[in-house]
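# Coordinates in review
The primary structure of each chain is shown beneath.
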2 protein chains.
Amino acid sequence: MTNEPGHEIADALGVLLTRSTREHLHAALTEGLGEAVDALTYPLLSGLDRAGARSAADLGREIGLDRTTVTRRADRLQRAGLLRRDPDPCDARATLLALTDAGEAVVATTRGRLAAHIDASLASWPAEDARTFSRLLHRFVTDGPFTGEAPRH
Amino acid sequence: MTNEPGHEIADALGVLLTRSTREHLHAALTEGLGEAVDALTYPLLSGLDRAGARSAADLGREIGLDRTTVTRRADRLQRAGLLRRDPDPCDARATLLALTDAGEAVVATTRGRLAAHIDASLASWPAEDARTFSRLLHRFVTDGPFTGEAPRH
DNA sequence: CCAAGAAGCGTGCTTCGAGCACGCTAATCT
DNA sequence: AGATTAGCGTGCTCGAAGCACGCTTCTTGG
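This structure is a prediction, so every number in the text was calculated from the model and none was measured.

A few words on the packing of helix 1 (residues 5-20) of chain A against helix 1 (residues 5-20) of chain B. Interhelical geometry of helix 1 of chain A versus helix 1 of chain B gives an angle of 95° and a closest axis separation of 11 Å. Compared by their axis directions, helix 1 of chain A and helix 1 of chain B come out roughly perpendicular. Facing helix 1 of chain A, whose interface residues are L13, L16, L17 and S20 of chain A, helix 1 of chain B presents L13, L16, L17 and S20 of chain B.

Interface size, as often reported, equals the accessible area lost upon joining of the parts. Across the boundary between the two partners, chain B contributes 57 residues, which contact 56 residues of chain A. Where chain B abuts chain A, roughly 5,600 Å² becomes buried across the two surfaces, and 68% of that area is made up of carbon and sulfur atoms. If you look at where chain B meets chain A, you find 4 salt bridges. Note that D129 of chain B is salt-bridged to R139 of chain A, the shortest N-O span being 3.1 Å. Scanning the region where chain B abuts chain A turns up 6 residue pairs in polar contact (both at pLDDT 80 or more). Going through the elements one at a time, helix 1, helix 2 (23-29), helix 4 (56-63), helix 6 (101-121) and helix 7 (127-142) of chain B are the ones with two or more residues in the side of chain B that touches chain A. At 15 residues, the largest contribution of residues to the side of chain B that touches chain A is made by helix 1 of chain B. Taken together, the residues that form the side of chain B that touches chain A break down as 27 nonpolar, 15 polar and 15 charged.

Turning our eyes to something else, we now look at the nonpolar core. If you look at the biggest cluster of nonpolar residues, it comprises 38 residues, and the most contacted ones within it are F133 and F140 of chain A together with F133 and F140 of chain B. If you list the elements that add at least two residues to this core, you get helix 1, helix 2 (23-29), helix 6 (101-121) and helix 7 (127-142) of chain A together with helix 1, helix 2, helix 6 and helix 7 of chain B.

Right, let's get into the protein's contact with DNA strand D. The immediate surroundings of DNA strand D are formed by 21 residues, with R85 and R93 of chain A together with T69, R73 and A92 of chain B found nearest. Of what DNA strand D places within 4 Å of the protein, 59% of the atoms are sugar or phosphate. Contact between DNA strand D and T71 of chain A: a phosphate oxygen at 3.2 Å from a side-chain N or O atom of the residue. Within the side chain of R85 of chain A, an N or O atom sits 2.9 Å from a phosphate oxygen of DNA strand D. Only helix 4 (56-63) and helix 5 (67-79) of chain A together with helix 5 (67-79) of chain B provide two or more residues apiece to the surface near DNA strand D. Ranked by the residues each element gives to the surface near DNA strand D, the list is headed by helix 5 of chain B, at 5 residues.

Another aspect to go through is the protein's contact with DNA strand C. Surveying the vicinity of DNA strand C reveals 21 residues, the closest of which are T69, R73 and A92 of chain A together with R85 and R93 of chain B. Each atom of DNA strand C within 4 Å of the protein belongs either to a base or to sugar and phosphate, the latter forming 60%. Contacts to DNA strand C include A92 of chain A, whose backbone N or O atom sits 3.0 Å from a phosphate oxygen. Within the side chain of R85 of chain B, one N or O atom sits 2.9 Å away from a phosphate oxygen of DNA strand C. Secondary structure elements with two or more residues in the surface near DNA strand C: helix 5 of chain A together with helix 4 and helix 5 of chain B. With 5 residues, the top contributor of residues to the surface near DNA strand C is helix 5 of chain A.

So, about the packing of helix 7 of chain A against helix 7 of chain B. Interaxial distance between helix 7 of chain A and helix 7 of chain B falls to 10 Å at its minimum, and their mutual angle equals 110°. Taken together, the axis directions place helix 7 of chain A and helix 7 of chain B in an arrangement best described as roughly perpendicular. Every residue of helix 7 of chain B that contacts helix 7 of chain A at D129, T132, F133, L136, L137, R139 and F140 of chain A is listed here: D129, T132, F133, L136, L137, R139 and F140 of chain B. The class makeup of the residues in the contact of helix 7 of chain A with helix 7 of chain B is 8 nonpolar, 2 polar and 4 charged.

Turning next to helix 7 of chain B. For helix 7 of chain B, which comprises 16 residues, the first-to-last C-alpha distance of 23 Å matches the rise-based estimate of 22 Å (1.5 Å per residue) to within 8%. Listing the buried residues of helix 7 of chain B in full gives D129, A130, T132, F133, S134, L136, L137, F140 and V141 of chain B. Buried positions along helix 7 of chain B lie against helix 1, helix 6 and helix 7 of chain A together with helix 1 of chain B.

Before going further, it helps to spend a moment on the UniProt feature "domain: HTH marR-type" (unreviewed entry) in chain A. When the UniProt feature table is mapped onto this chain numbering, "domain: HTH marR-type" (unreviewed entry) sits at residues 10-142 of chain A. When the span residues 10-142 of chain A is considered, its composition is 65% helix and 9% strand, and the gap between its end C-alpha atoms is 17 Å.

About the thresholds
Residues numbered from 1 in each chain as written. Chains lettered and ligands numbered in written order. Predicted model: local features only at pLDDT ≥ 70, side-chain atom pairs only at ≥ 80, totals over all residues. Heavy atoms only, no water. Axes fitted to C-alpha atoms, helices over the stretch in contact; angles between N-to-C directions. Helix = DSSP H or I, 4+ residues; strand = E, 2+ residues; numbered from the N terminus. Parallel < 35°, antiparallel > 145°, perpendicular 65-115°, else oblique. Contact = heavy atoms within 4.5 Å. Buried area = accessible area lost by both parts, 1.4 Å probe. Salt bridge = Lys/Arg side-chain N within 4 Å of Asp/Glu carboxyl O. Polar contact = N/O pair within 3.5 Å; in protein donor to acceptor, adjacent residues only side chain to side chain. Nonpolar A, V, L, I, M, F, W, Y, C, P; charged D, E, K, R; others polar. Core = buried A, V, L, I, M, F, W, Y, C linked by side-chain atoms within 4.5 Å. Buried < 20%, exposed > 50% of the residue type's maximum accessible area, 1.4 Å probe, protein only. Near = heavy atom within 4 Å. Expected span 1.5 Å × (residues − 1). UniProt positions renumbered as here; feature names shortened; annotations may be inferred.

Here it is in structure tokens:
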């Protein structure tokens, strides 16, 4: 127990990261959503849902993946009907990756399940603590230490 | 802004996960610590530091990796002098994975750098908010939704 | 006390994801 | 209008992850 919250938060985040990357958690969250949705492809769906239709290169920068990797994963999701490629009206070479209705439904379902998990574990908390935690976490993420841009290689 | 903190927390965690898995962040945290320490091998070091010397199978269960994968990564860290294999005094077949002094120093340096990042972004916060956030986050991680055991395949 | 089964570890082998280089099309600049 | 740059998709190569196998050692039942 130190006077600097940074160390405690760092430890907590380390544990959180380790736990949340467990395969079985992702399997539970995406259960029954089709073969194309797994721990590798979901970040694309989530990123598109957050930022709207984007080009493959932009989405790659957003989620820290190579452009070609995004293309390959998008192929799978497109075959599954969760994502479509629209030609960019402003640029004929560019194609915009966008969620289909089915894709949006998948994102909504997954986020709802995660929220349910979180709500369940917050059930024993005082309501005010839960709201405070939500508010502080949001602030931490907004102007937190992870907002830097990824450099190009 | 909904009445259910779960949805907000879910969104924040999604962003946090996406950001924190960026390669360049890990590169900054492990800069100058040797070639063997990267985003793949650091979880082993961190896990050993948290739980102490363990067998490869136990460590694999802890961090959600296959036993053989742990072995291969441990080989690299051992060659780099950050990890050693001690024979288990209670069981001649088992070998315990343990951090060397250099390995502990690497973990300490990395966690210190992460803590510094966090402290820097918390500098503009009221001190009480920072402490509250630290406390709530710790509680969330301790009895949060990610404490379940990984099922064996 | 010993024999058979179980548990732990390391290593060849296969599969699959990630990134680089290349070629193509279209936009932009001079 | 020609040249240069930007965006996209695809063959190709490298490396990581997990499975099957063999070896050693512990355990348990006769």
